[in-house]
Amino acid sequence: AQSVSQHNHHVILSEAASLELGCNYSYGGTVNLFWYVQYPGQHLQLLLKYFSGDPLVKGIKGFEAEFIKSKFSFNLRKPSVQWSDTAEYFCAVNSNYQLIWGAGTKLIIKP
Amino acid sequence: DVKVTQSSRYLVKRTGEKVFLECVQDMDHENMFWYRQDPGLGLRLIYFSYDVKMKEKGDIPEGYSVSREKKERFSLILESASTNQTSMYLCASRPYTGGGTEAFFGQGTRLTVV
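Caption draft 1: Local environment of the state of the cysteines. Going through the model one piece at a time under the given rule, you end up with two disulfides over all chains. Covalent S-S linkage joins Cys23 of chain A and Cys91 of chain A, the inter-sulfur distance amounting to 1.9 Å. Residues Cys23 of chain A and Cys91 of chain A are joined through a disulfide that is left-handed, its torsion about the S-S bond being -65°. Separated by 68 residues along the polypeptide, Cys23 of chain A in the loop between strand E3 (19-21) and strand E4 (24-25) and Cys91 of chain A in strand E10 (residues 87-95) bring together distant segments of the chain. Each member of the pair, Cys23 of chain A as well as Cys91 of chain A, is classed as buried. Between the sulfur atoms of Cys23 of chain B and its disulfide partner Cys91 of chain B the distance amounts to 1.9 Å. Judged by the sign of its S-S torsion, about -80°, the bond between Cys23 of chain B and Cys91 of chain B is left-handed. With a gap of 68 residues between them, Cys23 of chain B in strand E3 (residues 19-25) and Cys91 of chain B in strand E9 (residues 87-94) connect regions that are remote in the sequence. Accessibility assignment for this pair places Cys23 of chain B and Cys91 of chain B in one class, buried.

What follows is the structure in structure tokens.
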């Protein structure tokens, strides 16, 4: 069965630092990949998704992710984080009728 | 904007009580889901429904049941609440099972069973 791994459960960065959060899924074929974000006290919302085409996907709030098929990866990046990026980030992959989720990464940005 | 509304943000229930969590979506989505979210475990699927009166077990259905009598409403039922069901419960809806479609989430219900 499909599974998703997020390598870091907690990440602490200073403002303006660059961010990369890892996400790997277990097997290939045609995949649809998602990054969601959950800000404190808010509902989960979509940051970006890969469906097909350009493997470099741009999302909201300056985030981007790169789909690398050979590495089964879909890492999330942001060149310069802000305090307001403090949140929990989830990677997910579509498998049949449902989304398979990673365990999440809690990101804390120090002002 | 798609809206998924969960009836309660916080609930405190006693062990053994029957608990109902309600979820309503306003975008005519076919698919609805119930997850529980626990620290370090991500989102785990309890049940989902792909049509009215249709339901499928997810990864952790034990101790739960669901009801979908109308397309817009999906209820999660804890038949006899136990302390290990203390968790955040998330409802989601999705327009169809096409791979690229996103899921839309409610605010979540934080349930504490004492």
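Text resumes after the structure shown.
Caption draft 2: Representation of the interface of chain A and chain B within the structure. Taken together, the 22 residues of chain A in the interface contact 22 residues of chain B. Regarding the contact of chain A and chain B, the summed buried area is about 1800 Å², with carbon and sulfur atoms giving 53% of it. Its largest share of buried area at the contact with chain B, chain A owes to Leu44, Tyr97 and Trp101 of chain A, together 28% of the area lost on that side. Taken together, the connections running from chain A to chain B amount to zero salt bridges. Of the residues contributing to the side of chain A that touches chain B, the split by class is 10 nonpolar, 10 polar and two charged.

Caption draft 3: Local environment of the pairing of strand E8 (residues 64-68) of chain A. Residue and element names in this part refer to chain A. Pairing of strand E7 (residues 56-58) with E8 involves three bridges; the strand directions are antiparallel. By the bridge assignment, Val57 is partnered in E8 with Ala65. In sequence, E7 turns back onto E8 through a hairpin of five residues, with Lys61 there showing a positive phi of about 60°. In terms of strand pairing, E8 meets strand E9 (residues 73-78) through five bridges, oriented antiparallel.

Cut-off values and rules
- Residues numbered from 1 in each chain as written.
- Chains lettered and ligands numbered in written order.
- Predicted model: local features only at pLDDT ≥ 70, side-chain atom pairs only at ≥ 80, totals over all residues.
- Heavy atoms only, no water.
- Disulfide = S-S within 2.5 Å.
- Helix = DSSP H or I, 4+ residues; strand = E, 2+ residues; numbered from the N terminus.
- Buried < 20%, exposed > 50% of the residue type's maximum accessible area, 1.4 Å probe, protein only.
- Contact = heavy atoms within 4.5 Å.
- Buried area = accessible area lost by both parts, 1.4 Å probe.
- Salt bridge = Lys/Arg side-chain N within 4 Å of Asp/Glu carboxyl O.
- Nonpolar A, V, L, I, M, F, W, Y, C, P; charged D, E, K, R; others polar.
- Pairing = 2+ DSSP bridges.

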